Amino acid sequence: MTFFESLLALLGIAIVLLQVARRSGIPYPALLAGAGVALAWIPGAPVIALDPHTALALFIAPVLIDAAYDFPVGTAQRLWRPLFALAVIAVLLSAGVVAWLGMTWAGLPFYAALALGAIVAPPDAAAATAISGSVRMPRRTVAVLKGESLLNDAAALLLFSTAILIQSHGGVDASLVLTVSLAAPGGIALGFALAWIMRRVQPLVWGTLSGNILQFVTGFGAWLLAERLHLSAVLCLVTFAMTIARSAGLATPPRARIHDFAVWDSAVFLLNVFAFLLMGFQARTIIGAMSAARLADAAWFAGAVVASLIVVRLAWVLFYNRVAHHFPRLRGDVSPARFGEGVLVGWCGMRGLVTLATAFALPAQFPQRDLIVLTAFAVVLATLVVQGLTLAPLVRRLRLDGDDGLGEELARARREMAEAALTALRDSGGPAADHWRWGYRLKLTNDAATTAQKRSLGLAAIRHQRERLEALRDAQRVGADAFLVLQEELDFAEVSLRTEEERRIEEA
């Protein structure tokens, strides 16, 4: 098979597996990774190689930008203490324990053990929130997990880069210490500089397809530039995306924002699908090259790593919450977390795309690369299956599944927005102003019965408009161009009437 044919076949298989995951409740990353292993054993299966230097930029850069763009700066400032406890201290503790296991159990040199610890240390909030789609997790918990996943990548990849530099330098020297110490602040400064440039260039391409291409080129380019300068690429991209998002709200044309979100959601999901499938192919190559005895040793070692990661994270979260409960300075103005919330955050330790991509990025001649990559694969698979399948039942068991406050917050914000609109229309008269004034006054009531009736009547009216529009097109009284414009108007109107759950596009 050609590369294109192999790619098409993998995508077709992935679509089928995603539907199986959707209906069975199995985490789709685990299903895809396992399928990758199985497919790789089929005679004639293609050998798909990936340049280690490209792996991190290809799989992580878009994911980081997408997540950072949606994470408010204010939330990061308010939750910085618990975020630091999870994104830095928890990562260091997890990496340290795994590095110790690597040196004492597997005989890895220090830098290789450190690389393994950095690879498996950062949990993936996207995996947790996707898996928990059947329940409503507390919103503060979700915010902490999302913020952690942005910042823990920076801590883990800084450790990973340090391990690679130790190998290339042959040890720790002054230049290495200087490079590592400048990586974080330099990455943040570069992110601010690139955001300043992007804010001035972006208005020139708004409303064009080339604008979407520019976003991806800028994201990949920022990552590669930061790497070339030996700066933290993660902090560069997080700073870049959060700075752009903070100033883009009023300036971005609505049509461009809707289109951008759709493009980025699809691109990020596609990269996730490929990463898990390709990791399965990589694992098959490694397993096939190992003897039975070495494979057994690797399996025991991987199991110990998985267990240590789960225990260390859970213990640290519960310890931090207890200490922060007695010492408010450790949590700031955030109310103390309940015991159940601590257990939930501690259990949300699923590893995902970052672990896979970092394992991909190991140099080909890295000591015991096969063991490290196989362990990373096992950690991702085990945490997704063990913790992923038990997360929703745990939320229910802890009685944290319920109203997360989103509906009340939306209703309150909509009332305040309607009041602002009525203030703007206060001095306006005429039928057009009365039309808008009546609609906004209806939003001020915002009771459940009125809202439900408004949706029902509006959706029925739009349905009749659609049927009439189709009839006009069939009668050739409306051309193709006019039909598409009117259809889009109806689409936007219908989406505005749908509930929050109905608007959401499911991953699988």
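What counts, and at which threshold
- Residues numbered from 1 in each chain as written.
- Predicted model: local features only at pLDDT ≥ 70, side-chain atom pairs only at ≥ 80, totals over all residues.
- Heavy atoms only, no water.
- Salt bridge = Lys/Arg side-chain N within 4 Å of Asp/Glu carboxyl O.
- Helix = DSSP H or I, 4+ residues; strand = E, 2+ residues; numbered from the N terminus.
- Axes fitted to C-alpha atoms, helices over the stretch in contact; angles between N-to-C directions.
- Parallel < 35°, antiparallel > 145°, perpendicular 65-115°, else oblique.
- Left-handed = near helix turned anticlockwise from the far one by under 90°.
- Contact = heavy atoms within 4.5 Å.
- Nonpolar A, V, L, I, M, F, W, Y, C, P; charged D, E, K, R; others polar.
- Core = buried A, V, L, I, M, F, W, Y, C linked by side-chain atoms within 4.5 Å.
- Buried < 20%, exposed > 50% of the residue type's maximum accessible area, 1.4 Å probe, protein only.
- pLDDT = per-residue confidence, 0-100.

S.K.: Account for the pattern of salt bridges, with residues named and values stated.
M.R.: Scanning the model with the defined rule gives eleven salt bridges in all. With a closest N to O distance of 2.9 Å, D434 and R437 form a salt bridge. You can see D434 and its partner R437 sitting in helix 18 (residues 431-445), three residues apart, about one turn around the helix. A salt bridge links R498 to E494; its shortest N-O distance comes to 2.7 Å.

S.K.: Which residues make up the packing of helix 5 (residues 80-104) against helix 13 (residues 292-326), and what values go with them?
M.R.: Between two packed helices, the angle of one axis relative to the other and the distance separating the axes together describe the packing. For the pair helix 5 and helix 13, the least separation of the axes is 9 Å and the interaxial angle reads 150°. Taken together, helix 5 and helix 13 sit at an angle that is classed as roughly antiparallel. Pair helix 5 / helix 13 crosses with right-handed handedness. Residues R81, P82, A85, L86, I89, A90, L93, S94, V97, V98, L101 and G102 of helix 5 lie in contact with helix 13, whose contacting residues are F301, A304, V305, S308, L309, V312, R313, W316, V317 and Y320. By residue class, the composition of the contact of helix 5 with helix 13 is 17 nonpolar, three polar and two charged.

S.K.: I'd like a description of the packing of helix 9 (residues 174-201) against helix 10 (residues 209-228), backed by residues and values.
M.R.: Relative to each other, helix 9 and helix 10 sit at 160°, their axes nearing to 11 Å. One finds that helix 9 runs roughly antiparallel with respect to helix 10. With respect to the hand of their crossing, helix 9 and helix 10 are arranged in right-handed fashion. Contacts between helix 9 and helix 10 pair L190, L194, M198 and V201 from the former with L214, Q215, T218, A222, L225 and A226 from the latter. Residue classes in the contact of helix 9 with helix 10 are distributed as eight nonpolar, two polar and no charged.

S.K.: I'd like a description of the nonpolar core, backed by residues and values.
M.R.: Counting 123 residues, the largest nonpolar core has L32, F59, V120 and W223 as its most contacted members. Examining the composition of this core, we find that 14 residues originate from one element, helix 12 (residues 254-289), more than from any other. Leave out the neighbours within four places in its chain, and V120 touches V98, V305, L309, R351, T355, A376 and V379. In terms of nonpolar packing, the next biggest core, distinct from the first, is built from seven residues, L472, V478, L490 and L497 among them.

S.K.: Requested: an account of helix 14 (residues 339-347), with residues and values cited.
M.R.: Taking burial as the measure, the nine residues of helix 14 include seven buried ones, the bulk of the element. Within helix 14 the residues assigned to the buried category are G340, E341, G342, V343, L344, V345 and G346. Along its buried surface, helix 14 packs onto helix 5, helix 8 (139-169), helix 13 and helix 16 (369-397).

S.K.: Describe the side chain of T162, and please don't skip the residues or the numbers.
M.R.: Mapped onto the fold, T162 is located in helix 8. Once residues lying within four places of it in the same chain are set aside, the contact partners of T162 are L176 and V180.

S.K.: Tell me about the environment of A307, and please be specific about residues and values.
M.R.: Along the polypeptide, A307 turns up in helix 13. A relative accessible area of 40% places A307 in the partly exposed class. Sequence spacing of A307 and A163 is 144 residues, and the spatial spacing of their C-alpha atoms is 23 Å.

S.K.: With reference to specific residues and values, describe the confidence of the model for the protein.
M.R.: For the protein, the average pLDDT comes to 85, and 94% of its residues sit at 70 or higher. Per-element confidence in the protein ranges from a low mean pLDDT of 62 for helix 7 (residues 125-131) to a high of 95 for helix 6 (residues 110-120).

S.K.: Got a sec to walk through unusual backbone geometry? Specific residues and values, please.
M.R.: For R399, which is not glycine, the phi dihedral falls at a positive 60°. Residue placement: R399 occurs in the loop between helix 16 and helix 17 (406-424). On the accessibility criterion, R399 (76% relative accessible area) is exposed. Phi is positive for Q476, close to 60°, though the residue is something other than glycine. One can find Q476 in the loop between helix 19 (448-474) and helix 20 (480-497). Look at Q476 and you get exposed, because its relative accessible area is 73%.

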